[in-house]
Amino acid sequence: MSAPKNGHESFKNLDTAAVQAGRPPVTPDGPINPPIVLSSTMHAGGPYGYMRDWNATLDSLEQAIGALEGGRCTVFSSGMAAANAIFDLFPQGKPVVASQYSYTGVAMRLKELHDLGRIELRLVDVTDDVAVKAAIAGDGNPASWAWIETPTNPMMEICDIEATATVARHYGAYLAVDNTFMTPIRQRPLELGAHLVMHSATKGLAGHSDLLMGALVTADQELAQKIVGRRVLLGAVPSAFDSYLALRGIRTLAIRVDRAESNAQFIAEKLAEHSKVRAVHYPGLGGHKNADIAKRQSDGPGFMLAFEVDGDAEAAELVCQSVELITYATSLGGVETLMERRRRWPKENSAVPENLIRVSVGIENANDIWADLDQALNATGEIANQTQPKMGY
Ligand SMILES: Cc1ncc(COP(=O)(O)O)c(C=O)c1O
């Protein structure tokens with residue numbers, strides 16, 4: 001195996017990086033893929049020695065994600081573990097700005113930290129530049145961090161990353177961007193001025209709905225050291241096997257995103273014309289509030305969309321229960337099309353419409369996906385009683 005590297009490989013094109021980054025050095029009869037190193041401890045004499053610090057398979061995955069996002073990557077055992085590593089760095093009692101819509105787990109955790117007095121949470125409409133600036137500036141008490149998702153989960157709102165980074169830097173705040181929905185193939189926040197990128201690599205990066213993984217990437221070496229320190233002390237380390245699988249998924253990231261995105265555009269346009277649909281939230285549609293910003297900062301609108309059924313919660317639930325090819329399930333970014341009514345989760349933000357369905361468009365044939373969604377939208381009948389999920393994701 002290669003010696004541990006602290007930087008990141010750089011490639012001219014990201015689709016090439018996805019395929020080539022993080023491979024072992026060329027040696028006669030050496031493997032072309034990184035071996036799965038099932039060893040929590042390493043021989044003494046090197047700089048690391050123990051898997052919470054470093055493991056060769058994790059390192060290969062980190063090289064690949066780092067090359068894609070343009071910084072140094074540290075992987076974690078889930079997206080939430082990665083997010084919490086950063087939350088642990090928030091200075092005691094200082095203001096933190098976040099979107100009024102965020103992934104539920106992140107929103108719940110930030111609220112917990114606020115209620116505990118660990119931070120002063122300032123929630124803001126991230127589509128409103130003036131409000132974002134005011135929240136970061138804070139009337140003489142500027143934020144220490146801003147944490148945004150763009151597009152937001154599940155409302156698909158767009159935040160102007162470059163403008164937010166400029167304001168954050170002016171006030172001495174760090175800007176973190178959850179890039180899970182777009183993946184680096186479509187959006188690279190570090191290039192736009194953000195200090196940090198976070199991923200639930202469980203989703204599009206790994207791409208096959210078969211593991212949990214998180215990643216943090218930064219070009220700020222001091223911050224990178226602190227992040228590694230959080231992993232060492234908090235201990236949320238992914239397994240070598242999952243790291244191998246995630247890297248295997250990344251090899252096809254560019255073509256998966258291309259296909260899923262063109263399917264998503266097709267489905268969004270069909271939904272927008274459907275009589276049983278009240279609204280479609282997808283940055284690839286001209287009517288989207290911040291389609292122009294999305295176009296400027298991203299290389300495409302991505303594979304995620306949301307739509308509102310023309311009806312109430314029960315009508316939306318019936319659509320979800322009526323799909324046959326599409327899977328009614330949570331999560332996103334896998335090769336298969338998944339959809340769910342987000343408000344089925346008891347802790348989902350109550351401002352999210354009850355009739356909103358989030359769709360993670362997969363790489364199946366677009367006509368097949370649409371035929372299934374169309375029949376589900378036209379379905380009639382009673383909804384089946386389902387056990388309400390216990391937790392609030
Ligand atoms: C946008 C976003 N961020 C973070 C997370 C949390 O990631 P994980 O489930 O890998 O802990 C999720 C999970 O759904 C997500 O959708």
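A. Region of the structure containing the overall build of the chain. Of regular secondary structure, the chain possesses 12 helices and 12 strands. The C-alpha radius of gyration of the chain comes to 21 Å, within 12% of the 21 Å expected for a compact globule of 393 residues. Considering only C-alpha atoms, the chain reaches an extent of 70 × 60 × 40 Å along its principal axes. Looking at the 393 residues of the chain, the share that counts as buried comes to 56%. Sequence-distant contacts in the chain: of pairs separated by 6 or more residues, those separated by 24 or more amount to 72%. In the structure as shown, the chain presents an accessible area of about 16400 Å², 51% of it carried by carbon and sulfur atoms. Where the 35 positive side-chain charges of the chain centre and where its 46 negative ones centre are 5 Å apart.

B. Representation of the nonpolar core in the model. Counting residues in each nonpolar core, the largest one holds 42 residues, and the members touching the most others are L61, I65, L68, V75, I185, M213 and I250. Top element by residues in this core is helix α2 (residues 56-69). It accounts for six residues. Residues lining this core come from more than one domain, with at least three contributed by each of domain 1 (14-250) and domain 2 (254-377). With near-sequence residues (within four places) excluded, L68 lies in contact with L14, A17, A18, P184, I185, R188, I250 and L253.

C. A look at helix α4 (residues 104-115). Helix length check: α4 (12 residues) gives 16 Å between terminal C-alpha atoms against 16 Å at 1.5 Å per residue, within 8%. What α4 keeps buried is the set T104, G105, V106, L110 and L113. Looking at the buried residues of α4, the elements they touch are α3 (79-87), β2 (95-99), β3 (120-124) and β4 (145-149). Looking at the residues trailing α4, positive phi occurs at G117, about 80 degrees.

D. Expanded view of the site of the ligand. Near the ligand you find 13 residues, and of these G79, M80, D178, S200 and T202 are the closest. In the model, an oxygen atom of the ligand is placed 2.9 Å from a nitrogen or oxygen of the G79 main chain. In this structure, D178 approaches the ligand through a side-chain N or O atom, which is 2.6 Å from a nitrogen atom. Within the complex, the protein chains bury 92% of what would otherwise be the 390 Å² of accessible surface of the ligand.

E. Quick look at a nonpolar patch on the surface. A grouping of I36, L38 and F241 is seen on the molecular surface, where their side chains present a nonpolar patch of about 320 Å² in accessible area. Mapped onto the fold, F241 is located in helix α8 (residues 240-250).

F. View of α8. Regarding α8, the residues found buried are A240, S243, A246, L247, G249 and I250. Tucked inside the fold, the buried residues of α8 contact α1 (14-20), α2 and α9 (253-273).

G. A look at the environment of F181. Note that F181 resides in the loop between β5 (174-178) and β6 (196-200). By relative accessible area, F181 is classed as buried at 6%. Residues contacting F181, with those up to four places away along its chain left out, are P151, T152, N153, M156, F303, M304, L332 and R358.

Thresholds applied
- Residues numbered from 1 in each chain as written.
- Predicted model: local features only at pLDDT ≥ 70, side-chain atom pairs only at ≥ 80, totals over all residues.
- Heavy atoms only, no water.
- Helix = DSSP H or I, 4+ residues; strand = E, 2+ residues; numbered from the N terminus.
- Rg over C-alpha atoms; globule rule 2.2 N^0.38 Å.
- Buried < 20%, exposed > 50% of the residue type's maximum accessible area, 1.4 Å probe, protein only.
- Contact = heavy atoms within 4.5 Å.
- Areas by Shrake-Rupley, 256 points an atom, 1.4 Å probe, with all protein chains shown as cover.
- Lys, Arg positive; Asp, Glu negative; His and termini not counted.
- Charge placed at Lys NZ, Arg CZ, Asp CG, Glu CD.
- Core = buried A, V, L, I, M, F, W, Y, C linked by side-chain atoms within 4.5 Å.
- Domains from an automatic or database assignment.
- Expected span 1.5 Å × (residues − 1).
- Near = heavy atom within 4 Å.
- Polar contact = N/O pair within 3.5 Å; in protein donor to acceptor, adjacent residues only side chain to side chain.
- Patch = residues over 30% accessible without salt bridge, like charges linked within 9 Å, V, L, I, M, F, W, Y side chains within 5 Å.
- Salt bridge = Lys/Arg side-chain N within 4 Å of Asp/Glu carboxyl O.

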